[in-house]
Amino acid sequence: MKKNLAILITCHNRLEKTKECLKSIYFQKKIEQYDIKVFLVDDGSTDGTSEYIKENFPEIILIQGDGNLYWGGGMYLAWEEALNYKKNFDYFLWVNDDVIFFNDAFQTLLETKKNDDDIIVGGFCDRLTRKRTYGGTVSEKKFLSPFRFKIIDVNGSAQEIDGINGNGVLITFSAFKKIGKFDKKFIHAGGDLDYSLRAKKKNIKVYLTPKYIGFCERSNFGENIENIKDIFNKKSFYPKVWLHFCVKHGGFFWYFHFLFRFLKIFLKILINKIKL
C-alpha cells in the first residue's frame, strides 16, 4: 500500500533554488511507492514563483502569503493546509526550498526510521566541498548552560540527536499526534530546535540519517551579529522569540539565560567597536 506523504515548503523570492528543489523531489527513486502531495507557501514572492508553480507543477497546493510569514509562519500555514486536506497523511516532510535532494533521499529517510513515532533528520552537505552544512546536534547542556549543543556529522549509522535543522525532516503522523504542529511564535529562527526539544520531552526519538541526503549551502545569517540593529531582525533569535524559547526550555533560571545571551552580544559589539 502506498504511503501518503505531505511535503511542506515555504519560499520567498528564490525561484531558481525552488525550481531545483522541486525537481529533486519528483525525481526520487521508487517515487511510485509514495502518494506525494506538496503544500507550498509562496510568501509574497515578486520573482514569478507562483506563476512558475502554476504552469509547471499544477498538482502542487499553492498557498499565498503576504511576505510577513517568514519560515516559521509559512511552515505553520503549510501544515495547517495539509491537515485540512481531503486525505490523511502517514508522514510530513519539512523541506527548505534551497535543498537539492539526492535521488534516494526519501528512501534513506524512511529506512532510518526505527519506530512508528521517530523523527528523522536529513544530513546535508555543500555541493562543492561535500562538507556538512545542516543536520543535527547533541546536547552538552550543563546547569547554567542548557542550550549548549555539539554539531554531529553523518557517520554511516543512524545517530540519536537532540537538536535539528529543519532543512529536511521526516515526521510520522504518530509523532505529530503527540507533539502537535509548529509553535507559530517562532517566526523564523528557533522553530525547528523547539520542535525537537518538545519531541524529547515526549520521549520521542530523533535520528540523523546515516548519510547525506542532499546538497544545501550553509547560510550564516543570524550567526554574526555585528550591531544592535541585527538583534532585532525577525530572521534571528530576536528578543521576543528568544524570551519565548527561554521560558519554554530554560527551566527555573530561564531569565538568566535570556539576559546572558544579550549581555554576551552587547559585549562583543562593544569590543569590536573599540578595536575599530
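Since the structure is predicted, the reported quantities are computational estimates derived from the model, not experimental observations.

Student: When you look at the overall build of the chain in this model, what are you seeing that I'm missing?
Tutor: When helices and strands are counted, the chain shows 9 helices and 13 strands. At 19 Å, the chain has a C-alpha radius of gyration in line with the 19 Å of a compact globule built from 276 residues. When its C-alpha atoms are laid out on the principal axes, the chain stretches across 60 × 40 × 40 Å. In the chain, the proportion of contacts linking residues at least 24 apart, taken out of those at least 6 apart, comes to 75%. About 14,200 Å² of surface is accessible on the chain, with carbon and sulfur atoms providing 53% of the total. Of the charged side chains in the chain, 44 are positive and 33 negative, and the gap between their average positions amounts to 6 Å.

Student: What is the right way to read unusual backbone geometry from this model?
Tutor: Excluding glycine, a negative phi dihedral is what most residues carry, and trans is how most peptide bonds are arranged. Its identity as a non-glycine residue notwithstanding, Arg-130 has a phi of 65°, on the positive side. Its location among the elements puts Arg-130 in the loop between β6 (119–125) and β7 (132–134). The class for Arg-130 is partly exposed, based on a relative accessible area of 49%. With phi around 60°, Asn-203 is a residue other than glycine that occupies positive phi space.

Student: Explain the pairing of strand β4 (residues 91–96) to me, please; I cannot follow it from the model alone.
Tutor: In the case of a regular strand, side chains alternate between the two sheet surfaces. With respect to burial, β4 is a largely interior element, 6 of its 6 residues being buried. In β4, alternate side chains face the same way, and those of Tyr-91, Leu-93 and Val-95 on one face and Phe-92, Trp-94 and Asn-96 on the other are all buried. Of the strand pairs in this sheet, strand β1 (residues 3–11) and β4 are connected by 6 bridges, and their pairing is parallel. Opposite Leu-8, over in β4, you have Trp-94 as the bridge partner. When β4 meets strand β12 (residues 168–172), the two strands line up antiparallel, connected through 5 bridges. Bridging from a neighbouring strand, Phe-92 pairs with Ile-171 of β12.

Student: Help me out: how do you make sense of the packing of helix α1 (residues 15–26) against helix α2 (residues 49–56) in this one?
Tutor: Relative placement of two packed helices is described by the angle separating their axes and the distance separating the axes. One can describe the packing of α1 onto α2 by two numbers: an axis separation of 10 Å at closest approach and a directional angle of 30°. By the angle between their directions, the pair α1 and α2 is classed as roughly parallel. Two packed elements cross with a definite hand, and for α1 against α2 that hand is right-handed. Residues Leu-15, Lys-19, Leu-22 and Lys-23 of α1 lie in contact with α2, whose contacting residues are Thr-49, Tyr-52 and Ile-53.

Student: Please clarify how the nonpolar core should be interpreted in this entry.
Tutor: Grouped burial of nonpolar side chains is what soluble globular proteins tend to show. One finds Leu-8, Trp-79, Trp-94, Ile-119 and Ile-171 to be the most contacted residues of the largest nonpolar core, which totals 36 residues. In terms of residue count, the dominant contributor to this core is helix α3 (residues 70–83) (6 residues). Residues Cys-21, Ile-25, Ile-36 and Ala-105 belong to the second largest nonpolar core, which totals 31 residues.

Student: Whenever I open this one, the environment of Lys-235 confuses me. Can you help?
Tutor: For Lys-235, the position within the fold is in the loop between α7 (228–231) and α8 (239–249). Judged by its relative accessible area of 36%, Lys-235 is partly exposed. Lys-235 sits 163 residues away from Gly-72 along the chain, and the two C-alpha atoms are 9.7 Å apart.

Student: What exactly am I supposed to notice about the packing of helix α6 (residues 191–201) against α8 here?
Tutor: Following both chains from N to C, one finds α6 and α8 inclined at 10°, their axes separated by 11 Å at the closest point. By the angle between their axes, α6 is roughly parallel relative to α8. Here Leu-193, Asp-194, Leu-197, Arg-198 and Lys-201 of α6 come into contact with α8, specifically with Phe-245, Lys-248 and His-249.

Student: Even after reading the chapter, I still don't get α8, so can you show me in this structure?
Tutor: Given 3.6 residues to a turn, an α-helix orients residues that are three or four positions apart in the same direction. Taken together, the buried positions of α8 are occupied by Pro-239, Val-241, Trp-242, His-244, Phe-245, Cys-246 and His-249. Phi turns positive one or two residues past the end of α8, at Gly-251, with a value near 70°.

Student: Just checking my understanding: could you explain helix α4 (residues 105–112) for this structure?
Tutor: Within α4 the residues assigned to the buried category are Ala-105, Phe-106, Thr-108, Leu-109 and Thr-112. Looking down the long axis of α4, one finds its buried residues gathered within 160° of arc, a one-sided arrangement.

Student: Help me understand the sheet that holds strand β9 (residues 149–152), please; the structure alone is not making it clear to me.
Tutor: Read across the open sheet, the 3 strands follow the order β9-β8-β11; overall the sheet is antiparallel. Two strands bound the open sheet, and with one partner strand each, they are β9 and β11 (163–164). As defined by bridge partners, strand β8 (residues 136–139) adjoins β11 across 2 bridges and the pair is classed as antiparallel. When the bridges of β11 are listed, Gly-136 appears paired with Ile-164.

Definitions and cut-offs
- Residues numbered from 1 in each chain as written.
- Predicted model: local features only at pLDDT ≥ 70, side-chain atom pairs only at ≥ 80, totals over all residues.
- Heavy atoms only, no water.
- Helix = DSSP H or I, 4+ residues; strand = E, 2+ residues; numbered from the N terminus.
- Rg over C-alpha atoms; globule rule 2.2 N^0.38 Å.
- Contact = heavy atoms within 4.5 Å.
- Areas by Shrake-Rupley, 256 points an atom, 1.4 Å probe, with all protein chains shown as cover.
- Lys, Arg positive; Asp, Glu negative; His and termini not counted.
- Charge placed at Lys NZ, Arg CZ, Asp CG, Glu CD.
- Buried < 20%, exposed > 50% of the residue type's maximum accessible area, 1.4 Å probe, protein only.
- Pairing = 2+ DSSP bridges.
- Axes fitted to C-alpha atoms, helices over the stretch in contact; angles between N-to-C directions.
- Parallel < 35°, antiparallel > 145°, perpendicular 65-115°, else oblique.
- Left-handed = near helix turned anticlockwise from the far one by under 90°.
- Core = buried A, V, L, I, M, F, W, Y, C linked by side-chain atoms within 4.5 Å.
- Arc of directions from axis to C-beta.

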